[in-house]
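So you can see what is in the structure, the chains are spelled out below.
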Amino acid sequence: MRQIYKASIVILLTDIYTRLPITNAAILCNGKQNPYTRKSDGYYVFSNLYPQKYNIDIMCAGYTDINFSVNLRENETKIIMTDMPYTVGNPLLTNIDRFEFSIKKDGQPFAKKEVYVKLENPLSFLKLVNPIEPDSEDISLNVELNRNLMVQRYKYTVNEKEYDMFFSGYDNDKKTYILKEPASEKIEADGEFRIYWKLKTDKLGRAILPHLKQFMKEENLSFKISAKGQDSDTSVTVKDTDEKGRVFYINVNLD
């Protein structure tokens, strides 16, 4: 009798700017087109999987490819929420203000590589109101349920320490967000949140980031671009206007 495994991978794909579901992506597991259920709300469900490590490749026209690994245990359902960054040629960019980073290393385009772009301006509207206890997944913020907060990556700085954070859900009973990874130590309140993105450059070394006004409220924005232990700081002035589809070109040289 053929054994049926109950392990599953559930992937939610959303547009990095509009937050609308992406329903026309192609997804490979370990380089193969495993059967999956595609839903209209952006969920892709892989069922009856053998417990092991899976390399996931996600491709969709107009968006940069996404690659990551998932370690799946027996009877486990792993839920992964990810936003897809744009390629330069995405037709949705026509009326969207965006930043186009042209990244070079040693004078050559930093092509088809992952880069981290961190907004150095702290998120003044977002605060941790209570300390996070060791091994806890609960995080109390001054903002109640906001879906936009749950598909972003954050750096939280307090007492000269920096922590990676990702909110994977929300507990309606406790009114707390849920951390993807439990805290390894006590994390004090009253620190600063900064947001960052994992992008991928194209063959010319370009990476696109929309002007996300809910996070980028200042006119003067500072970014840190990092890849493989090297980084570069840059800044840009953005004055809000009625004009749509502006492109802010930023040249970056990795040190």
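Structure's up top.
Residues numbered from 1 in each chain as written. Predicted model: local features only at pLDDT ≥ 70, side-chain atom pairs only at ≥ 80, totals over all residues. Heavy atoms only, no water.

This part covers the overall build of the protein. The helix and strand inventory of the protein stands at zero helices and 19 strands. Radius of gyration (C-alpha) of the protein: 19 Å, near the 18 Å computed for a compact globule of 255 residues. In the protein, which comprises 255 residues, the proportion classed as buried is 45%. Sequence-distant contacts, at least 24 apart, represent 66% of the contacts inside the protein between residues at least 6 apart. Of the accessible surface of the protein, which amounts to about 13,700 Å², a share of 45% is contributed by carbon and sulfur atoms. In the protein, 36 side chains carry a positive charge and 36 a negative one; their mean positions are 7 Å apart. (Helix = DSSP H or I, 4+ residues; strand = E, 2+ residues; numbered from the N terminus. Rg over C-alpha atoms; globule rule 2.2 N^0.38 Å. Buried < 20%, exposed > 50% of the residue type's maximum accessible area, 1.4 Å probe, protein only. Contact = heavy atoms within 4.5 Å. Areas by Shrake-Rupley, 256 points an atom, 1.4 Å probe, with all protein chains shown as cover. Lys, Arg positive; Asp, Glu negative; His and termini not counted. Charge placed at Lys NZ, Arg CZ, Asp CG, Glu CD.)

One open sheet accounts for eight strands, arranged β11-β14-β13-β12-β15-β10-β17-β18; its pairing is antiparallel. In this open sheet, the two edge strands, each paired with only one partner strand, are β11 (138-139) and β18 (230-237). As paired strands, strand β17 (residues 220-227) and β18 are joined by eight bridges and run antiparallel to one another. Each bridged residue has a counterpart across the sheet, and for S226 the counterpart in β18 is D231. (Pairing = 2+ DSSP bridges.)

Moving on, we come to the packing of aromatic side chains. The full count for this structure, using the stated rule, is 15 aromatic pairs. Arranged with centres 5.9 Å apart and planes meeting at 45 degrees, the rings of Y116 and Y196 form a pair that is tilted. Of this pair, Y116 sits in strand β10 (residues 114-119) while Y196 sits in strand β15 (residues 192-200), placing them 80 residues apart in sequence. Measuring from centroid to centroid gives 4.9 Å for Y170 and Y177, while their planes differ by 75 degrees, and the two rings are edge-to-face. (Phe/Tyr/Trp six-rings, centres within 6.5 Å; stacked < 30°, edge-to-face > 60°.)

Here we take up the pairing of strand β6 (residues 66-71). Of the two faces of β6, the one lined by I66, F68 and V70 is fully buried and the one lined by N67, S69 and N71 carries no buried residue. By the bridge criterion, six bridges tie strand β5 (residues 53-59) to β6 in an arrangement that is antiparallel. Across the sheet, residue K53 finds its bridge partner in β6, namely N71. What sits between β5 and β6 in their antiparallel hairpin is a turn of six residues, with G62 showing a positive phi close to 90 degrees.

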